[in-house]
Amino acid sequence: MDAAKRIDDLLFITTELIELLEQENAALLNKDLAVINQLLDRKLALSRAYEIRFFGLKNSEDDMSEIDPALIEVLKERSVRLDQLVDINSKALKVGVETGKRFMSVLSESVKTATPSAGTYGADGMAGASSRPSAQTASVAYDKVL
């Protein structure tokens, strides 16, 4: 494959990845998991294609002097934009994963510290079988965003 064809392929792939990452970043911001899941397969395919074309161009012995310098400049600009979007995407995904881990940790601790009770009152007016007050447990609510 000649260098001009590789550059054209990279321009197409970077343009598609930029559009996809803009959609995914907006979906991450809005916590729209349906859109995120819908884009995942295409994101993986485009990322793999980009990697193959980039390393193919880097390792090729094709003559780059025949490539229009304006075309290379456009590719550089799109690559910078792609890097910015990848950075935003990475940070948003990391926040989502950390939030999920913390939520599960709090939920786990809450379950561990909860004391089961029969729901009845003893002679001393306390609920359950024990006359000692139980530890305050955290309440749990379901939020579809998580």
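Remember, it's a predicted structure, so these values are computed and weren't measured experimentally. (Residues numbered from 1 in each chain as written. Predicted model: local features only at pLDDT ≥ 70, side-chain atom pairs only at ≥ 80, totals over all residues. Heavy atoms only, no water.)

(A) Geometry of unusual backbone geometry. A positive phi angle is found at lysine 31, which is not glycine, with a value near 55 degrees. You can see lysine 31 is positioned in the loop between α1 (3-30) and α2 (33-59). (Helix = DSSP H or I, 4+ residues; strand = E, 2+ residues; numbered from the N terminus.)

(B) Region of the structure containing the side chain of arginine 6. Among the secondary structure elements, arginine 6 is positioned in helix α1. Look at arginine 6 and you get buried, because its relative accessible area is 15%. A distance of 3.4 Å separates a polar atom in the side chain of arginine 6 from the backbone oxygen of glycine 56. (Buried < 20%, exposed > 50% of the residue type's maximum accessible area, 1.4 Å probe, protein only. Polar contact = N/O pair within 3.5 Å; in protein donor to acceptor, adjacent residues only side chain to side chain.)

(C) Representation of the nonpolar core within the structure. Counting residues in hydrophobic clusters, the biggest one holds nine residues: Ile13, Leu17, Ile18, Leu20, Leu21, Leu39, Leu46, Leu82 and Leu85. Those elements that place two or more of their residues in this core are α1, α2 and α3 (69-113). For this core, the element with the most residues is α1, which contributes five residues. If we skip the residues at most four places from it in the chain, leucine 39 touches Leu20, Gln23 and Glu24. Counting residues in each nonpolar core, the second largest holds seven residues, with Ala3, Ile7, Leu11 and Ile67 among its members. (Core = buried A, V, L, I, M, F, W, Y, C linked by side-chain atoms within 4.5 Å. Contact = heavy atoms within 4.5 Å.)

(D) Region of interest: the confidence of the model for the chain. Overall, the predicted model of the chain reaches an average pLDDT of 82, with 75% of residues at or above 70. Between the elements of the chain, mean pLDDT differs from a low of 89, seen in α3, to a high of 92, seen in α1. (pLDDT = per-residue confidence, 0-100.)

(E) Up close: the pattern of salt bridges. One pass over the structure, following the stated rule, counts seven salt bridges. Between lysine 43 and glutamate 24 there is a salt bridge, with the nearest N and O atoms lying 2.8 Å from each other. Pair noted here: lysine 43 is in helix α2 and glutamate 24 is in helix α1, with a separation of 19 residues, a long-range link. Per residue, the accessibility class of lysine 43 equals that of glutamate 24, and both read buried. Note that glutamate 51 and arginine 48 form a salt bridge whose closest N and O atoms lie 3.3 Å from each other. (Salt bridge = Lys/Arg side-chain N within 4 Å of Asp/Glu carboxyl O.)

(F) Here's a closer look at the packing of α1 against α2. Interhelical geometry of α1 versus α2 gives an angle of 155 degrees and a closest axis separation of 9 Å. Classified by the interaxial angle, the pair formed by α1 and α2 is roughly antiparallel. For the element pair α1 and α2, the recorded crossing hand is left-handed. For the contact of α1 with α2, a count of residues per class yields 17 nonpolar, four polar and seven charged. (Axes fitted to C-alpha atoms, helices over the stretch in contact; angles between N-to-C directions. Parallel < 35°, antiparallel > 145°, perpendicular 65-115°, else oblique. Left-handed = near helix turned anticlockwise from the far one by under 90°. Nonpolar A, V, L, I, M, F, W, Y, C, P; charged D, E, K, R; others polar.)

(G) Spotlight on α1. Taking 1.5 Å as the rise per residue, α1 with 28 residues should run 40 Å; its terminal C-alpha atoms sit 40 Å apart, in good agreement. Two residues or fewer after α1 comes lysine 31, characterised by a positive phi angle close to 55 degrees. (Expected span 1.5 Å × (residues − 1).)

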